[in-house]
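Chain residues, written in single-letter form:
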Amino acid sequence: MLLTEKQADHPIYHIMSDQPDCCSKCGSRLDLKEIKVVDGERIFVNECLGCHREVLLVEN
């Protein structure tokens, strides 16, 4: 899944926790698609298994 133009301008990053990571919109589990490095920080690109939107996670 690609970032939409609006998401790419102002992406929302969520912080990983010790609990299983879930979608903040629908609560479904996430499926890791890829790991990117942006400004030296690892960004975990996930897809929600429920609503199929892209969810970006960073480590705390």
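Here, the structure is the one placed above.
Here we look at the nonpolar core
The nonpolar side chains of a soluble globular protein tend to be buried, and buried together.
Then step 1. Of all hydrophobic cores here, the largest spans 6 residues; its members are Cys 23, Leu 30, Phe 44, Cys 48, Val 55 and Leu 57.
Then step 2. Residue assignment for this core shows that the elements contributing at least two residues are β3 (41-48) and β4 (54-58).
Then step 3. Those residues in contact with Cys 23 that sit more than four places away from it in its chain are Ser 28, Leu 30, Cys 48, Cys 51 and Arg 53.

Looking at the pattern of salt bridges
Then step 1. If you walk through the whole model with that rule in mind, you get 3 salt bridges.
Then step 2. Residues Arg 42 and Glu 59 are paired through a salt bridge, measuring 2.9 Å at the closest nitrogen-oxygen approach. With Arg 42 in strand β3 and Glu 59 in the segment after β4, this residue pair connects regions lying 17 residues apart in the sequence.
Then step 3. Arg 42 gets classed as partly exposed once you look at its relative accessible area, which sits at 39%.
Then step 4. Since its relative accessible area comes to 39%, Glu 59 is described here as partly exposed.
Then step 5. Each of Asp 31, Lys 33 and Glu 47 takes part in a single network of salt bridges with overlapping partners.

About the cut-offs
Residues numbered from 1 in each chain as written. Predicted model: local features only at pLDDT ≥ 70, side-chain atom pairs only at ≥ 80, totals over all residues. Heavy atoms only, no water. Core = buried A, V, L, I, M, F, W, Y, C linked by side-chain atoms within 4.5 Å. Buried < 20%, exposed > 50% of the residue type's maximum accessible area, 1.4 Å probe, protein only. Helix = DSSP H or I, 4+ residues; strand = E, 2+ residues; numbered from the N terminus. Contact = heavy atoms within 4.5 Å. Salt bridge = Lys/Arg side-chain N within 4 Å of Asp/Glu carboxyl O.

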